[in-house]
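Chain by chain, the residues:
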Amino acid sequence: SYDKWEINPSELTFMKELGCGQFGVVRLGKWRAQHKVAIKTVREGAMSEDDFIEEAKIMMNLSHRNLVQLYGVCTQQRPIYLVTEFMELGCLLNYLRQRRGALGALELLGICHDVSLGMQHLEQNGFIHRDLAARNCLVNSSLVVKVSDFGMTRYVLDDQYWSSSGAKFPVKWSPPEVFNFCKYSSKSDVWSFGVLMWEVFTEGKMPYEHNQNHEVVMMVTQGHRLYRPKRASAHIYSIMQMCWMERADERASFTEISHLISDELEDDG
Ligand code: ADP
């Protein structure tokens, strides 16, 4: 007998490889010979599995048009599998880079709007993403952008990833209270969202591209912020700046941000 979040692995067919992430290989698959799904295989030693399995029960209940749905897990064997919604066009960062010059300003804003709505749903459910960035959003064939990998950094065993001095720690997406004290909140996600907006409006540039992480820590601490991308209007840049207030409690909420963006979409649309 299976718990309701367990998927019977014999009902999965494996197809082509889609990519490779922190936990291991991601493949396209079919569930019950019909529904396309993405299947993440978790490499042995890559994940704190028992903690994740507990959390998966919560994550499966997070359903929103702009969140990549976790359908279920296969935990009765090793390696374990995570089965999620399949996103045909892959990761947002590559999507932006491959379409440089081809996306209109409204499309760029629409991407930010999609992400803000997914994040608003996480915020309303008291769920912190901890690693929001364009590389952790995916795009489907209807061009809907969805947030992926929410909360997953907590289960990465590689300490280069979660130690703030580690090489894989996302310093360039982190506010001061995170790179100094690892104090995560929906307001630290808001800071990351501002950086994601900057990635969108630069069509996939690396933030602070000429600086290393330790330099970014000093610069941001001294009040330096990312510049206004050429494709961002003064008003759009002001939304990014609301995300980068030094004090977390002075930053906008995702509810406020998604309203500001939808107003802007209506004005220009
Ligand atoms: P990481 O752990 O490094 O964030 P992921 O494991 O989420 O990376 O994914 C690695 C790659 O696999 C992605 O960049 C993307 O190309 C592909 N991928 C992951 N999930 C999906 C999905 N649900 N649908 C389609 N492609 C996916």
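What comes next is a walk through the structure.

Reading the values: rules and limits
Residues numbered from 1 in each chain as written. Predicted model: local features only at pLDDT ≥ 70, side-chain atom pairs only at ≥ 80, totals over all residues. Heavy atoms only, no water. Buried < 20%, exposed > 50% of the residue type's maximum accessible area, 1.4 Å probe, protein only. Helix = DSSP H or I, 4+ residues; strand = E, 2+ residues; numbered from the N terminus. Arc of directions from axis to C-beta. Contact = heavy atoms within 4.5 Å. Polar contact = N/O pair within 3.5 Å; in protein donor to acceptor, adjacent residues only side chain to side chain. Core = buried A, V, L, I, M, F, W, Y, C linked by side-chain atoms within 4.5 Å. Near = heavy atom within 4 Å. Areas by Shrake-Rupley, 256 points an atom, 1.4 Å probe, with all protein chains shown as cover. 1 Å grid on protein atoms, 1.4 Å probe; cavity = no way out; pocket = protein on both sides within 12 Å on 5 of 7 lines; lining within 4 Å. Sits in = over half its atoms within 2 Å of the grid points. Nonpolar A, V, L, I, M, F, W, Y, C, P; charged D, E, K, R; others polar.

**What to know about helix 7 (residues 213–221)**
And then number 1: Listing the buried residues of helix 7 in full gives Val-216, Met-219 and Val-220. Down the axis, helix 7 shows its buried residues gathered within 90° of arc, on one side only.
And then number 2: Those residues of helix 7 that are buried are in contact with helix 5 (176–181) and helix 6 (186–201).
And then number 3: Gly-223 lies just past helix 7 and shows a positive phi near 100°.

**Things to note about the side chain of His-129**
And then number 1: Here His-129 is to be found in the loop between helix 3 (105–124) and strand 7 (137–139).
And then number 2: Of the residues examined, His-129 reaches a relative accessible area of 0% and is grouped as buried.
And then number 3: Among the polar contacts listed, one links the side chain of His-129 to the backbone nitrogen of Asp-131, at a separation of 3.0 Å.
And then number 4: Within the local environment of His-129, its side chain forms a polar contact with the backbone oxygen of Ser-148, the two atoms lying 2.8 Å apart.

**Digging into the nonpolar core**
And then number 1: One finds Phe-52, Leu-92, Phe-193 and Phe-201 to be the most contacted residues of the largest nonpolar core, which totals 72 residues.
And then number 2: Per-element tally for this core: the top contributor is helix 6, with 9 residues.
And then number 3: Once residues within four sequence positions are removed from consideration, Phe-193 is found in contact with Cys-112, Val-115, Ser-116, Leu-132, Cys-243, Phe-254, Ile-257 and Ile-261.
And then number 4: Grouped together as the second largest cluster of nonpolar side chains are 7 residues, Ile-39, Cys-74, Tyr-81 and Val-83 included.

**Concerning the site of the ligand**
And then number 1: Not every one of the 16 residues close to the ligand is listed here, only the nearest: Gln-22, Glu-85, Met-87, Asn-136 and Asp-149.
And then number 2: Note that an oxygen atom of the ligand is positioned 3.0 Å from one of the side-chain N or O atoms of Asn-136.
And then number 3: Here the ligand loses 82% of its free accessible area of 550 Å² to cover by the protein chains.
And then number 4: According to the grid-proximity analysis, the pocket containing the ligand is the largest pocket.
And then number 5: Counting residues per element, the ones that place at least two in the shell around the ligand are strand 1 (12–20), strand 3 (35–41) and strand 5 (81–85).
And then number 6: Residue composition of the shell around the ligand, grouped by class: 8 nonpolar, 5 polar and 3 charged.

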